[in-house]
Amino acid sequence: MRRQVVRNPFTILFLFYLIAFAGLFFYSIFAFPGYLAAFQWPFVWSNSFLLLMRYCIPLTVAALAVAYSLLPAGDTLRMHAGRQPFARVVGSHLTTVIALTVVYTVLMLGLYPIVQRNMHRFEPLTLEARSFLEKAEEAMAAGDRETALLNYQRYLGIDENNRKVMELVGDIQTEMISDRPGPQQEVERDLGSMRIKDLAGGREPRELLEMALEFYELEDYFSAHYYANLAYKLDPARRDAQRLAARAREMIASKDLNRLETEERQLFERKREGYEYFVNEQYFRAYHVFRELADEYPQDADVISYLEKSEQQLSETTFFLDEAAEIDTLPGSTDLLFVNQGQEDEREIVYIGKLAGIEAGVFCRDIEVMRFGPRGLLYHYHAEYGRMMDSAVNLHGIDRRVPDRQSVPRYLSGASRLRRESLPYMLPISPPLQQLPSLKAGRTGSAAADSSGFFTLWQLRRQIAGYGYMESFVSVEILSRLLLPFGFLVLSLLSVAAGWRFQARFSGRPHWILLVFMPLFPIVAIPITALYLHAQRILLAFVLLRLGFSISLIVLLVLQGFLLLTAMIVLAGQRAD
């Protein structure tokens, strides 16, 4: 038993980790702050991990001190290792301590910010979901079922497993369907607008004949003739298909032989209209012409081709509002505020309410811009949505279905000045896209720094002063993060030495006094490690403000080297007896 403990004191360390995580997990269950029920378990797991990482250093210090204080006494150790320095006895354990430091560094600098960002999304999504729910209830009270259905569906985009809201959506859809025209009228309208090629491929002769009969009964003799004739060509033995095709042909001849030509001529005219819009760079009008044609002729190669080309051209100058509205129910960065770099004598302040990405691109919501000059406010405008395009935000949104509906900036001041600009709907921005989530002001600023990756902060440090923020704020955060891995390693080595120095001298079971006070070790370690790290942060912040970031970084490395050397000397000075 003792030989196993000598070889692997880290069993106690991992036992401490396990017990601590279980306790923090239990605490997180009761600390759930009232977000949507769908966020409860993601919150519990995320919060447990964050708390474990936050208290990982004092927990490790206490666990290693306890583990090495419980090693067998000197007589037992000499029996297995002979009389030799303690550093040689625990030399193999140092590798494990260094490996733990590497793991801690990866988790703290890599995974911790990601989980922190995940935690920050719960509150805004909960507020948005409840806002959608309130709007839906107000719309239902006013008898506006379409608005209610839209907001209930947006709510389900966030809380997708809410059975109560799903039942409400089902009831509203049932009521709306019951108020629509009868199914026979719906079928007649749909079939009347179909082209022959819409349903042509991949069907058996029997299915084609059934379709031909349906079209014949609806007096669509062109479609009936096409499908009956196609069924006969696929299976010449189907004389019934041949007879139906002949009857349809007779009806066509008896009614209007020019109908098909007229329809094709109208299609050609509409194609030419859309093409003229396209070549004249009126892509918005061209898009809607080809959009309407695509609804009627979804298999027409020319229509589909120019619809895609029109949409591609529009995407360079506009965006679709239905795509931008998708970010309403998605997590993203909120309350972004920064100064836009421009002319020396002018300042432009930009606020973005929400930033999120979807498959169609990265979109913004609630954009507000104010520009000041030597004489005061130059202009002030607000835009509902925007789309990120390279180093600018496109503020011109259009509706796919309604040609007259579009979203453009609403000028609150200085509108006449903006209208004279060449691109009044494009907002150039200075920060790169990857740095935008870090530009939060007010009480959310520190949260943004915590949830930003280390390398993002490192790149942002040189440029953040130009965005209206203090460089020292980011520099202190970088130094604090670099301090943590060194603190973990140094304090772990000192705790190993302290545990052995104050080793409990027993030959059998540990003394009961040690067992009673063992749970207090982590509690005592928390203020000790906090004081150790906080004192160094104060020193580094002072050097940063007085001498700059480069000198403070050198001081950090020199100081940690000295502390690590001191810890190794203390550890090497311990004796096995």
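### A few points about the overall build of the protein chain
Part 1 of the reasoning: The helix and strand tally for the protein chain stands at 25 helices and 10 strands.
Part 2 of the reasoning: Taking all 577 residues of the protein chain together, 43% fall into the buried category.
Part 3 of the reasoning: For the protein chain, the proportion of contacts with a sequence separation of at least 24, taken over those separated by at least 6, is 68%.
Part 4 of the reasoning: As displayed, the protein chain has an accessible area near 31,900 Å², and 57% of this comes from carbon and sulfur atoms.

### Overview of the nonpolar core
Nonpolar side chains tend toward joint burial in soluble globular proteins.
Part 1 of the reasoning: Of all hydrophobic cores here, the largest spans 100 residues; its most connected members are Ile57, Tyr104, Phe338, Leu427, Leu436 and Leu439.
Part 2 of the reasoning: Broken down by element, the residue count for this core peaks at 12 residues, all from helix 22 (residues 471-501).
Part 3 of the reasoning: Look past the residues within four positions of Leu436 in its chain and what remains in contact with it is Leu336, Phe338, Leu355, Met388, Ile429 and Pro431.
Part 4 of the reasoning: Core analysis: the next-biggest nonpolar cluster, separate from the first, contains 14 residues, Ala294, Val303, Leu307 and Ile398 among them.

### Examining the confidence of the model for the protein chain
Part 1 of the reasoning: Averaged over the protein chain, the pLDDT score is 76; the fraction of residues at 70 or greater is 76%.
Part 2 of the reasoning: Per-element confidence in the protein chain ranges from a low mean pLDDT of 39 for helix 11 (residues 183-192) to a high of 92 for helix 3 (residues 40-54).
Part 3 of the reasoning: Contacts of residues 1-7 to residues separated by more than four positions or lying in other chains number 12 contacts, the stretch itself having pLDDT below 50.
Part 4 of the reasoning: Between residues 182-200, whose pLDDT stays under 50, and residues either more than four places distant or in other chains, the model counts 27 contacts.

### Quick word on the packing of aromatic side chains
Part 1 of the reasoning: A full pass over the atoms with the stated rule returns 15 aromatic pairs.
Part 2 of the reasoning: With a centroid separation of 6.1 Å and an interplanar angle of 35°, the aromatic rings of Phe21 and Trp45 are classed as tilted. With Phe21 in helix 2 (residues 10-30) and Trp45 in helix 3, this residue pair connects regions lying 24 residues apart in the sequence.
Part 3 of the reasoning: Three or more aromatic residues link up through ring pairs in this structure, and these residues are Phe32, Tyr35, Phe39, Phe43 and Phe122.

### Some points on helix 9 (residues 145-158)
Part 1 of the reasoning: Here helix 9 is 14 residues long and its end C-alpha atoms lie 20 Å apart, about the 20 Å a rise of 1.5 Å per residue gives.
Part 2 of the reasoning: Residues Ala148, Leu149, Asn151, Tyr152, Tyr155, Leu156 and Ile158 constitute the buried set of helix 9.

### Some details on a nonpolar patch on the surface
Part 1 of the reasoning: A cluster of nonpolar side chains, Leu337, Ile349, Phe372 and Leu377, forms an exposed patch at the surface whose accessible area comes to about 280 Å².
Part 2 of the reasoning: By the element assignment, Phe372 lies in strand 4 (residues 361-373).
Part 3 of the reasoning: Assessed through its relative accessible area of 31%, Phe372 is described here as partly exposed.

### Focus on the sheet that holds strand 8 (residues 406-407)
Part 1 of the reasoning: Ordered by their spatial adjacency, three strands build an open sheet running 1-7-8, and the pairing between neighbours is mixed. Of all the strands in the sheet, just strand 1 (319-320) and strand 8 have a single pairing partner and so form its edges.
Part 2 of the reasoning: Strand direction decides the pairing type here: strand 7 (residues 397-398) and strand 8, joined by two bridges, are antiparallel. By the bridge assignment for strand 8, Ile398 is matched with Gln406.

### Thoughts on the layout of surface pockets
Gaps between atoms show up when a probe of the same size as a water molecule is rolled over them.
Part 1 of the reasoning: Put simply, the second largest pocket is a space of about 560 Å³.
Part 2 of the reasoning: Those elements that provide at least two residues to the lining of the second largest pocket are helix 3, helix 4 (56-69), helix 7 (91-120), helix 20 (445-451), helix 22 and helix 24 (520-547).
Part 3 of the reasoning: Class assignment of the residues belonging to the lining of the second largest pocket gives a composition of 15 nonpolar, three polar and five charged.

### Re the pattern of salt bridges
Part 1 of the reasoning: In the structure shown here, the tally under the stated rule is seven salt bridges.
Part 2 of the reasoning: The partner of Asp328 in a salt bridge is Arg154, with the nearest N and O atoms 3.8 Å apart. On the criterion of sequence distance, the pair formed by Asp328 in the loop between helix 18 (321-324) and strand 2 (333-340) and Arg154 in helix 9 is long-range, its members being 174 residues apart.
Part 3 of the reasoning: Its relative accessible area of 3% is what places Asp328 among the buried residues.
Part 4 of the reasoning: Salt bridges linked by common partners bring Glu128, Arg154, Asp328, Lys354, Arg365 and Asp366 together as one network.

### As for the environment of Pro409
Part 1 of the reasoning: You can see Pro409 is positioned in the loop between strand 8 and strand 9 (410-413).
Part 2 of the reasoning: In this structure Pro409 comes out as buried when scored by relative accessible area, which is 6%.
Part 3 of the reasoning: Separated by 27 residues in sequence, Pro409 and His382 place their C-alpha atoms 5.5 Å apart.

### Some details on the environment of Val115
Part 1 of the reasoning: Summarising the element assignment, Val115 is placed in helix 7.
Part 2 of the reasoning: Val115 sits in the buried class, given a relative accessible area of 13%.
Part 3 of the reasoning: Residues Val115 and Phe49 lie 66 residues apart in sequence; the distance between their C-alpha atoms is 8.2 Å.
Part 4 of the reasoning: Not counting residues within four places of it along the chain, the set of residues in contact with Val115 comprises Ser46, Phe49 and Leu50.

Calculation criteria
Residues numbered from 1 in each chain as written. Predicted model: local features only at pLDDT ≥ 70, side-chain atom pairs only at ≥ 80, totals over all residues. Heavy atoms only, no water. Helix = DSSP H or I, 4+ residues; strand = E, 2+ residues; numbered from the N terminus. Buried < 20%, exposed > 50% of the residue type's maximum accessible area, 1.4 Å probe, protein only. Contact = heavy atoms within 4.5 Å. Areas by Shrake-Rupley, 256 points an atom, 1.4 Å probe, with all protein chains shown as cover. Core = buried A, V, L, I, M, F, W, Y, C linked by side-chain atoms within 4.5 Å. pLDDT = per-residue confidence, 0-100. Phe/Tyr/Trp six-rings, centres within 6.5 Å; stacked < 30°, edge-to-face > 60°. Expected span 1.5 Å × (residues − 1). Patch = residues over 30% accessible without salt bridge, like charges linked within 9 Å, V, L, I, M, F, W, Y side chains within 5 Å. Salt bridge = Lys/Arg side-chain N within 4 Å of Asp/Glu carboxyl O. Pairing = 2+ DSSP bridges. 1 Å grid on protein atoms, 1.4 Å probe; cavity = no way out; pocket = protein on both sides within 12 Å on 5 of 7 lines; lining within 4 Å. Points joined across faces, edges and corners; volume = space filled by probe spheres on them. Nonpolar A, V, L, I, M, F, W, Y, C, P; charged D, E, K, R; others polar.

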